[in-house]
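One letter stands for each residue in the lines below.
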Amino acid sequence: MKRNERETTATIVYNALKQDIVQGVLPPGHKLLIDQISERYGIGTNPVREALNRLSSERLVERVDQRGFSVPPISLEDFRDIVNTRCWVEGKALEESIKNRTEAWEDAIILATHKLKNTPIHFYDGSNADDPQPDNSLWEERHRIYHRALIANCGSKHLLHFADELMLLAERYRFISMANSYPRRNSVDEHQAITDAALAGNVGQAVEALQSQYRLTLKIYEEIMS
């Protein structure tokens, strides 16, 4: 297989595995055997190994010497750490983005807010255990774009990269939280509050609204796990 073909295949496997890990299709502790993944996707082992190594560098896959790859465990302590770190990192990134505000940055936030607001989110109310989990893939994609737009003008590519990694780690827990948060939160109002404060140039209010949203997700998860 040519190098560009192998990279394309590895990227496809990477995206598929990432989605299954984040959404809990592959549960914490699940062994990620290269031969099984290769057979599942009908591809060679090299692209699978490349995908797993990439996910390992992003901490979405755990690699232990002599024991191979597995889905990392989850814990309340880990999620608290992720949320606290996101609050610090994205709080600073949002503050700098507001200070460096441009018309293009404002337009991107307005557009992202509009698209997110007009994308329905389906909560699982738990009334029927046989009901499948709702498909919120479009909302998830637009939610990532929205939060990325908020901090995009911070002026630091390293800060943005770190924020992206934390977002992925947090999504594993947020899927559990979302599945049990009906009807305790109003996503539209939460995001609009962040947007309004950011566009008004109110750094303190914008950062507080952003961090409060993350902490609410943590609170719901804590209640689930208690």
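Relevant structure appears above.
What you see is a predicted model, and the numbers here were worked out from it, not measured in a lab.

### What to know about the sheet that holds strand β2 (residues 62-64)
Each strand in a sheet pairs with another by means of backbone hydrogen bonds, the pair being arranged parallel or else antiparallel.
Piece 1. Ordered by their spatial adjacency, three strands build an open sheet running β1-β3-β2, and the pairing between neighbours is antiparallel. Looking at strand neighbours, the two that pair on one side only are β1 (31-32) and β2, the edges of this open sheet.
Piece 2. Both β2 and strand β3 (residues 68-70) contribute to a ladder of three bridges, which runs antiparallel. When the sheet's bridge partners are listed, arginine 63 is paired in β3 with phenylalanine 69.

### Describing the nonpolar core
Piece 1. Counting 52 residues, the largest nonpolar core has Leu32, Leu52, Phe79, Leu94 and Leu150 as its most contacted members.
Piece 2. Counting residues per element, this core draws most heavily on helix α4 (residues 76-99), which supplies eight residues.
Piece 3. Apart from residues no more than four positions distant in its own chain, leucine 52 is found in contact with Leu17, Leu32, Ile34, Ile37, Val61 and Phe69.

### Here we look at the packing of helix α6 (residues 137-151) against helix α8 (residues 187-199)
Piece 1. Put simply, α6 and α8 touch, their axes get as near as 11 Å, and they point 20° apart. Judged on the interaxial angle alone, α8 and α6 are roughly parallel. As α6 packs across α8, the resulting crossing turns out to be left-handed. Two secondary-structure elements touch here, α6 through Trp139, His143, Tyr146, His147 and Leu150 and α8 through Ser187, His191, Ile194 and Thr195.
Piece 2. In terms of residue class, the contact of α6 with α8 is built from four nonpolar, five polar and no charged.

### Here we look at helix α5 (residues 103-117)
Piece 1. Over its 15 residues, α5 extends 21 Å from the first C-alpha to the last, a length consistent with the 21 Å expected when each residue adds 1.5 Å.
Piece 2. In the core, the buried residues of α5 are packed alongside α4, α6 and α8.

### Considerations on the environment of isoleucine 110
Piece 1. Within the fold, isoleucine 110 resides in helix α5.
Piece 2. Overall, the relative accessible area of 46% leaves isoleucine 110 in the partly exposed class.

### What about the packing of α4 against helix α9 (residues 203-225)?
Piece 1. Interaxial distance between α4 and α9 falls to 9 Å at its minimum, and their mutual angle equals 165°. If you check the angle between α4 and α9, you find them roughly antiparallel. Handedness of the α4/α9 crossing: right-handed. In this structure, α4 uses Leu76, Phe79, Arg80, Val83, Arg86, Cys87, Trp88, Glu90, Gly91, Leu94, Glu95 and Ile98 to contact α9, whose residues at the interface are Val203, Ala206, Val207, Leu210, Gln211, Tyr214, Arg215, Thr217, Leu218, Tyr221 and Glu222.
Piece 2. Its residues placed into classes, the contact of α4 with α9 shows 14 nonpolar, three polar and six charged.

### Observations concerning unusual backbone geometry
In terms of backbone geometry, most residues other than glycine have negative phi values and most peptide bonds are trans.
Piece 1. Here the phi dihedral of arginine 59 falls at roughly 65°; this positive angle occurs in a residue that is not glycine.
Piece 2. Mapping arginine 59 onto the fold places it in the loop between α3 (45-57) and β2.
Piece 3. Judged by relative accessible area, arginine 59 falls into the partly exposed class, the value being 43%.

Conventions we followed
Residues numbered from 1 in each chain as written. Predicted model: local features only at pLDDT ≥ 70, side-chain atom pairs only at ≥ 80, totals over all residues. Heavy atoms only, no water. Pairing = 2+ DSSP bridges. Helix = DSSP H or I, 4+ residues; strand = E, 2+ residues; numbered from the N terminus. Core = buried A, V, L, I, M, F, W, Y, C linked by side-chain atoms within 4.5 Å. Buried < 20%, exposed > 50% of the residue type's maximum accessible area, 1.4 Å probe, protein only. Contact = heavy atoms within 4.5 Å. Axes fitted to C-alpha atoms, helices over the stretch in contact; angles between N-to-C directions. Parallel < 35°, antiparallel > 145°, perpendicular 65-115°, else oblique. Left-handed = near helix turned anticlockwise from the far one by under 90°. Nonpolar A, V, L, I, M, F, W, Y, C, P; charged D, E, K, R; others polar. Expected span 1.5 Å × (residues − 1).

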